Amino acid sequence: MDRIVIQGGKALQGRIPISGAKNAALTLMPCALLTDEPLTLRNLPRLADVDSFGHLLNELGVATSVEGARKGEFGRVMTFRAANIASTVAPYDIVRKMRASILVLGPLLARAGEATVSLPGGCAIGNRPIDLHLKALQALGAEIELAAGYVKATAPPGGLTGGTISFPTVSVGATENALMTAVLAKGTTVIENAAREPEITDLAQCLIAMGAEIEGLRSDTLTVHGKDRLHGATYAVMPDRIETGSYACAAMLTGGSLELVGAREDSMHAILSGLADAGALIEFKPGAIKVTGDGAIKPLSISTAPFPAFPTDMQAQFMAMLSLARGTSLLTETIFENRYMHVPELSRMGADIEVRGRSAVVRGVEGLVGAPVMATDLRASMSLVLAGLAAKGETQVNRIYHLDRGYERLEEKLQAVGAEIERVGGD
Ligand code: EPZ
């Protein structure tokens, strides 16, 4: 199994190109199911999850073609065409590897009148239920059956009709499934307490490019006027705000200066505010954000919460950064019930962290020491890489297939700014 080996202690300097956002790509790709015309997505990141989603769409009858990056762009261009739906079943062996597969449920139901998707099951960070997704589809008239580890949604004979979906708690995925179903439902749908993550706005803008009529973008109430059909479109995936924040933490941890090319400020105010509070110098340049650390990291007290608050996907990376702060920080994880898998591994590198229920007390230490560590989930893996970049000596991060799900060309991007990092084939 591959692992990553890092010799820490180098201050990183230079430019890192930011890839298309994984969590936007994974909700834009299933939009191809909503029309029989081609949907072309630009700036798609080269990630394991994007490849897995492409294979799932192929199983459903979607033809996919890939072309290299266009001039001046970093990501791939892929065209998806669901001329016909060959299958309405998303099988267990695909869904169990990638929870985001649940995002074919709504579009398949909207296009084909039925969808059967394996229940995604839990993952390292929590049990990841889908009750809110199902509630949304039922509000549009779908009948839901749960059997043998699968969920089957069926539209009534006359098709889905618009209605009011009122989410008791904010859910990114459920809001995405609701949007992708409502666009083909008869009449108007109002989605209340909708998630406001930038990836939702990216999805809405892509659907509008395909002919959908959606109001209330960026707000917590989305109004959708259903259409009989949608047409093809070409749409560019937004830059990845979590990748941007992750590399910004690398600048802080190594006392370096990184220009993050393609980063978009409007999607990451809470992340930038946290970095500034920790002592980062942040400069906005045309098409880039430059983050400089001077080696002194200030302690913070931060709680994760839905957008526009501080994102849960940045909690592990900030914890790595704050493990070297001059003082004690408090991190509180309010979204997932088990998102501290990185703590024991960071502690093995010398971090002083105490988990108390939903919170973690991080007492800054003078320095970290490289060690062999184990990746457990995507963002935890990145926090270990970040710690390794700052640690004295060698760090080996094992099970890096987690990293490949969400960080495109990680070692290449870090080598280009001075990191001593390489991928070593597994034994
Ligand atoms: C999306 O997951 C992201 N994944 C996650 O990123 C991200 O952490 C999360 O949103 C929160 O921002 C993708 O976009 C592919 P939720 P999602 O539904 O949609 C509970 C990463 O590292 N809930 O907003 O699954 C749920 O258990 C990944 O890139 C229900 O109770 O997140 C959680 O506690 C990790 N019932 C909370 O809501 C439901 O039906 C938020 O989950 C759905 C969710």
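Calculation notes
- Residues numbered from 1 in each chain as written.
- Predicted model: local features only at pLDDT ≥ 70, side-chain atom pairs only at ≥ 80, totals over all residues.
- Heavy atoms only, no water.
- Helix = DSSP H or I, 4+ residues; strand = E, 2+ residues; numbered from the N terminus.
- Rg over C-alpha atoms; globule rule 2.2 N^0.38 Å.
- Buried < 20%, exposed > 50% of the residue type's maximum accessible area, 1.4 Å probe, protein only.
- Areas by Shrake-Rupley, 256 points an atom, 1.4 Å probe, with all protein chains shown as cover.
- Lys, Arg positive; Asp, Glu negative; His and termini not counted.
- Charge placed at Lys NZ, Arg CZ, Asp CG, Glu CD.
- Pairing = 2+ DSSP bridges.
- Axes fitted to C-alpha atoms, helices over the stretch in contact; angles between N-to-C directions.
- Near = heavy atom within 4 Å.
- Polar contact = N/O pair within 3.5 Å; in protein donor to acceptor, adjacent residues only side chain to side chain.
- Core = buried A, V, L, I, M, F, W, Y, C linked by side-chain atoms within 4.5 Å.
- Contact = heavy atoms within 4.5 Å.
- Disulfide = S-S within 2.5 Å.
- Parallel < 35°, antiparallel > 145°, perpendicular 65-115°, else oblique.
- Salt bridge = Lys/Arg side-chain N within 4 Å of Asp/Glu carboxyl O.
- Left-handed = near helix turned anticlockwise from the far one by under 90°.

Engineer: Can you walk me through the overall build of the protein chain in this structure?
Structural biologist: For the protein chain, the helix and strand inventory stands at 14 helices and 24 strands. In terms of overall dimensions, the protein chain is globule-like: its C-alpha atoms have a radius of gyration of 21 Å, near the 22 Å expected for 427 residues. Over its C-alpha atoms, taken along the principal directions, the protein chain stretches across nearly 65 × 45 × 45 Å. For the protein chain, with 427 residues in total, the buried portion stands at 55%. Of the roughly 15700 Å² that the protein chain leaves accessible, carbon and sulfur atoms contribute 50%. Averaging the positions of the 40 positive and the 46 negative side-chain charges in the protein chain gives two centres separated by 2 Å.

Engineer: I'm lost on the sheet that holds strand β17 (residues 288-292) in this one. Help?
Structural biologist: Through backbone hydrogen bonds, the strands of a sheet pair up, either in parallel or in antiparallel fashion. Across the sheet, four strands lie side by side as β2-β15-β17-β16; this open sheet has mixed pairing. The open sheet has two edge strands, β2 (13-17) and β16 (281-285), and neither has a second partner. Between one strand axis and the next, the sheet turns through 20 degrees on average, direction left out of account. For β2 and strand β15 (residues 257-261), the ladder comprises five bridges, and the chain directions are parallel.

Engineer: I'm lost on the site of the ligand in this one. Help?
Structural biologist: Near the ligand, the surroundings consist of 20 residues, among which D131, L132, S171, D313 and I335 are the closest. Note that a nitrogen atom of the ligand is positioned 2.7 Å from one of the side-chain N or O atoms of D131. In this structure, G173 approaches the ligand through a main-chain N or O atom, which is 2.8 Å from an oxygen atom. Notes on the ligand: free accessible area 820 Å², of which the protein chains cover 85%. Looking at the shell around the ligand, the elements with two or more residues in it are α1 (22-28), α5 (131-139), α6 (172-182) and α12 (378-390).

Engineer: Quick question: what am I supposed to make of the nonpolar core here?
Structural biologist: Nonpolar side chains in soluble globular proteins tend to end up buried together. Core analysis: the largest hydrophobic core is formed by 77 residues, its most contacted members being V104, L179 and L207. With 68 residues, the next largest nonpolar core counts I302, A320, L378 and A387 among its residues.

Engineer: What should I look at first to understand helix α9 (residues 269-277) in this one?
Structural biologist: Because each turn of an α-helix spans 3.6 residues, side chains separated by three or four positions end up pointing in the same direction. The complete set of buried residues in α9 reads A270, I271, L272, G274 and L275. For α9, the secondary structure elements touched by its buried residues are α8 (241-254), β16, β17, β18 (301-303) and α10 (315-322). Just downstream of α9, G279 is the residue with a positive phi angle, here 110 degrees.

Engineer: It is not clear to me how the pairing of strand β21 (residues 359-363) should be interpreted in this structure. Could you clarify?
Structural biologist: Regular strands show a simple pattern: their side chains alternate between the two faces of the sheet. When you tally the buried positions in β21, you get four out of five residues, the bulk of the element. The pairing of strand β19 (residues 328-332) with β21 spans five bridges and is classified as antiparallel. Residue pairing for β21: L331 is matched across the bridge by A360. Of the pairings in the sheet, the one linking strand β20 (residues 352-356) to β21 comprises five bridges and is antiparallel in character. Residue pairing across strands places E354 opposite V361, the latter belonging to β21.

Engineer: What is the right way to look at the state of the cysteines in this model?
Structural biologist: Here a disulfide denotes a covalent bond joining the sulfur atom of one cysteine to the sulfur atom of another. On inspection of all chains with the given rule, the structure shows zero disulfides. Lacking any disulfide linkage, C31 is separated from the closest cysteine sulfur, that of C206, by 4.8 Å.

Engineer: Just checking my understanding: could you explain the packing of α6 against helix α7 (residues 198-209) for this structure?
Structural biologist: Pairs of packed helices are described in terms of their axes, by the angle between the two and the distance that separates them. Relative orientation of the contacting elements α6 and α7 amounts to 10 degrees, with a least axis distance of 10 Å. When the axes of α6 and α7 are compared, the pair comes out roughly parallel. Of the residues in α7, those in contact with V172, T175, E176, L179 and M180 of α6 are E199, I200, L203, A204 and L207.

Engineer: What is the right way to read the sheet that holds strand β22 (residues 372-374) from this model?
Structural biologist: The four strands lie next to each other as β22-β23-β1-β24, forming an open sheet whose pairing is mixed. Across the chains shown, the open sheet's two edge strands, defined by having one partner strand only, are β22 and β24 (420-424). Each strand axis lies, on average, 20 degrees off the axis of its neighbour in the sheet, ignoring direction.

Engineer: What's the story with the pattern of salt bridges in this structure? I'm lost.
Structural biologist: Pairs can form between side chains of opposite charge once their charged atoms are near each other. Summed over all chains, the structure comprises 21 salt bridges. Across the pair D313 and R339 runs a salt bridge whose closest N-O atoms are separated by 2.7 Å. On the criterion of sequence distance, the pair formed by D313 in the loop between β18 and α10 and R339 in the loop between β19 and α11 (342-348) is long-range, its members being 26 residues apart. Considered together, D313 and R339 belong to a single accessibility category, that of buried residues. The closest approach of N and O atoms between E354 and R363, which form a salt bridge, is 3.4 Å. The class of E354 is partly exposed, set by a relative accessible area of 32%.

Engineer: Which parts of the structure should I look at to understand the packing of α10 against α12?
Structural biologist: Where α10 contacts α12, the two axes come as close as 7 Å, and the packing angle between them is 20 degrees. As summarised for this structure, α10 and α12 are arranged roughly parallel, according to the angle between their axes. Remark: the crossing between α10 and α12 carries right-handed chirality. Between α10, through A316, Q317 and A320, and α12, the contact on the second element is made entirely by R379, A380, M382, S383, L386 and A387.

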